[in-house]
Amino acid sequence: MIDVQDIHKSFGDAHILKGISTKLEKGKTNLIIGQSGSGKTVFLKCLLGLFSPEEGNIVYDGKKYADLSDNEKRELRQEMGMVFQGSALFDSMTVEGNVMFPLEMFTKQSKTEMQDRVNAVLKRVNLIDAHHKFPSEISGGMQKRVAIARAIVMNPKYLFCDEPNSGLDPKTAILIDNLIKEITEEYNITTVINTHDMNSVMQIGEKIIFLKDGYKEWEGTKNEIFKTDNEAVTNFVYSSDLFKKVRQMYIEERN
Ligand SMILES: Nc1ncnc2c1ncn2[C@@H]1O[C@H](COP(=O)(O)OP(=O)(O)OP(=O)(O)O)[C@@H](O)[C@H]1O
Ligand SMILES: [Mg+2]
């Protein structure tokens, strides 16, 4: 569980995160939603320790980040997996090389141990024939799977995904969402996903945090989001005609 306590983040005069508090739950997919520019990526980078908030605390399973020594911070970073917007694979490395990279970087495992682990995670994300291919030779959906495999290869306690299904067709996007949710439950990971995809919200929104202009405007579950009267949330959710229709059907059913 990650306990976020009233964090503020500015760049110069621009106050981007304006006091965000929330609890990101273990074994669940915690979704951060909100319009472009609302602060989702900045928030995720604070959780990753890439940005340090000027005010507030982030507490990882009881460990307050600000109180950790440099060594403890490094250890904590190794418990985090990250899927970046647009996969961010190394183009010059094979699929296998990409997934093995964190093991080579941060562990002293033997070549056989690393190979076994890479085979296991690639199998887990349903990639069995792509070990020796390069990122440019596989589809966008497969690239996301490689990015997920790389993010979980170190057995992370925390998994952060920035728009993991951007650029994918709706069907592939749902497969990727479900894969992340399954892995989260299977390994009891605290997973945080940035998205502006309402399909993801409906599919895997166990806990949803809605950011607006750097504030936490609302939080709840996927069942609650369709019932809320919060105007900012409903404007966001029903900006698509499809969801307006779904809401109409829901209201008619209720009456
Ligand atoms: N390194 C930085 N320096 C200065 N300003 C930044 C920096 N990173 C982000 N910002 C600003 O913070 C605000 C929030 O940006 P952020 O990238 O978090 O939005 P977002 O919600 O992730 O948007 P999107 O959905 O488009 O990815 C923007 O106004 C952006 O210009
Ligand atoms: Mg972003």
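Residues numbered from 1 in each chain as written. Chains lettered and ligands numbered in written order. Predicted model: local features only at pLDDT ≥ 70, side-chain atom pairs only at ≥ 80, totals over all residues. Heavy atoms only, no water.

(A) Spotlight on the overall build of the protein chain. Secondary structure summary: the protein chain contains 10 helices and 10 strands in total. A compact globule built from 255 residues would reach a C-alpha radius of gyration of about 18 Å, and the protein chain, at 19 Å, matches this within 12%. Considered along the principal axes of its C-alpha atoms, the protein chain spans approximately 60 × 45 × 30 Å. Classification of the 255 residues of the protein chain by burial places 45% in the buried group. Of the contacts formed within the protein chain by residues at least 6 apart in sequence, a portion of 66% connects residues at least 24 apart. Of note, the protein chain has its 33 positive side-chain charges centred 1 Å away from the centre of its 37 negative side-chain charges. (Helix = DSSP H or I, 4+ residues; strand = E, 2+ residues; numbered from the N terminus. Rg over C-alpha atoms; globule rule 2.2 N^0.38 Å. Buried < 20%, exposed > 50% of the residue type's maximum accessible area, 1.4 Å probe, protein only. Contact = heavy atoms within 4.5 Å. Lys, Arg positive; Asp, Glu negative; His and termini not counted. Charge placed at Lys NZ, Arg CZ, Asp CG, Glu CD.)

(B) Local environment of the sheet that holds strand 1 (residues 2-11). Spatial ordering of the open sheet is given by 2-1-4-5, a layout of 4 strands whose pairing is antiparallel. With partners counted over all chains shown, the strands left at the sheet margins are strand 2 (14-24) and strand 5 (63-64), one partner each. Of the pairings in the sheet, the one linking strand 1 to strand 4 (residues 55-60) comprises 5 bridges and is antiparallel in character. Within strand 4, the residue paired with Ile2 across the bridge is Tyr60. Sitting on the sheet, helix 1 (residues 40-47) is in contact with strand 1, strand 2 and strand 4, with an inclination near 120° to strand 1. (Pairing = 2+ DSSP bridges. Axes fitted to C-alpha atoms, helices over the stretch in contact; angles between N-to-C directions.)

(C) Quick look at the domain arrangement of the protein chain. You can read the domains of the protein chain as domain 1 (1-79 + 158-222) and domain 2 (89-155). Just the C-alpha atoms count here: the centres of domain 1 and domain 2 sit 24 Å apart. Contact residues are listed per partner, giving 15 residues for domain 1 and 11 residues for domain 2. Together, the buried faces of domain 1 and domain 2 total about 1,100 Å²; carbon and sulfur atoms form 66% of this surface. Counting across the interface, domain 1 meets domain 2 through 2 salt bridges. (Domains from an automatic or database assignment. Buried area = accessible area lost by both parts, 1.4 Å probe. Salt bridge = Lys/Arg side-chain N within 4 Å of Asp/Glu carboxyl O.)

(D) Layout of the nonpolar core. Membership of the largest hydrophobic core comes to 47 residues, with the highest contact counts inside it found for Ile33, Val99, Ile148, Ile225 and Val237. A total of 6 residues in this core trace back to one element, the largest contributor, which is helix 5 (residues 140-152). Residue assignment places this core across two domains, with domain 1 (1-79 + 158-222) and domain 2 (89-155) each supplying three or more. Ignoring anything within four residues of it in the chain, the contact list for Val237 reads Met198, Ile225, Phe226 and Phe243. Counting 24 residues, the second largest nonpolar core, distinct from the first, contains Leu17, Leu47, Tyr158 and Ile209. (Core = buried A, V, L, I, M, F, W, Y, C linked by side-chain atoms within 4.5 Å.)

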